[in-house]
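Breakdown of the fold
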Amino acid sequence: MRRRSFLIAAAALLAGTSAFAAEQPQVTVYKDPTCGCCGAWADHMAKAGFTVKVVESSTLEKFKAEQGIPQALQSCHTALVAGYVLEGHVPAKAVAKLLAERPAVKGLAVAGMPAGSPGMEMPGVEPEAYDVVTFGPAGTVFMRF
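These numbers come from a predicted model, not from an experiment.

1. A short note on the overall build of the protein
Summing up its helical and strand segments, the protein has four helices and seven strands in all. When its helices and strands are written in sequence order, the protein yields α-β-α-β-α-β-β-α-β-β-β. For the protein, the proportion of its 145 residues judged to be buried stands at 38%. Taking the intrachain contacts of the protein between residues at least 6 apart in sequence as the baseline, contacts between residues at least 24 apart amount to 53%.

This is the structure in structure tokens:
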């Protein structure tokens with residue numbers, strides 16, 4: 001009977017995980033074909049339950065300008081999710097908060113490539129403190145993670 005109970009519990013857990021993933025919108029990541037940390041960030045988002053589509057592009061500067069990302073906030077990749085722009089190594093928990101609260105902003109950014117941010121974890125390297133910044137018509141607002 002224990003084995004049967006375990007299998008039922010495991011099936012319920014897996015069903016709950018897939019239901020969570022089904023509720024999350026698709027994140028489309030635009031990245032340079034040679035950048036490895038961008039793929040690691042995409043993996044971070046997928047592990048958090050988002051469906052991730054990766055688009056490789058050699059014209060990212062133009063795309064970032066079209067998306068209205070301030071130069072000072074730019075990083076190595078840009079993503080689009082549910083009408084918002086994500087720039088750089090934004091943590092999945094910040095994206096989930098953005099989608100839950102739906103503020104009147106253009107998007108979220110983590111400027112540069114801070115060590116320890118999602119996709120920038122490096123063994124033996126001390127994580128840096130970094131800011132997650134909202135940007136848009138009202139300017140920028142900093143949130144520390």
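2. Regarding the pattern of salt bridges
Overall, the coordinates contain two salt bridges when judged by the stated rule. Across the pair Lys64 and Glu87 runs a salt bridge, and its minimum N-O distance is 2.6 Å. On the criterion of sequence distance, the pair formed by Lys64 in helix H3 (residues 60–66) and Glu87 in strand E4 (residues 84–88) is long-range, its members being 23 residues apart. For the residue pair Lys64 and Glu87, the accessibility class agrees, reading buried in each case.

3. Remarks on unusual backbone geometry
Positive phi, close to 50°, is recorded for Ala82, a residue that is not glycine. Looking at where Ala82 falls in the secondary structure, it is placed in the loop between strand E3 (77–81) and E4. Given the relative accessible area of 35%, Ala82 is considered partly exposed.

4. Some details on the side chain of Gln67
Its place among the elements puts Gln67 in the loop between H3 and E3. A relative accessible area of 16% means that Gln67 is categorised as buried. For Gln67, the contacting residues outside a window of four places in its chain are Leu80, Val85 and Lys106.

Rules used throughout
Residues numbered from 1 in each chain as written. Predicted model: local features only at pLDDT ≥ 70, side-chain atom pairs only at ≥ 80, totals over all residues. Heavy atoms only, no water. Helix = DSSP H or I, 4+ residues; strand = E, 2+ residues; numbered from the N terminus. Buried < 20%, exposed > 50% of the residue type's maximum accessible area, 1.4 Å probe, protein only. Contact = heavy atoms within 4.5 Å. Salt bridge = Lys/Arg side-chain N within 4 Å of Asp/Glu carboxyl O.

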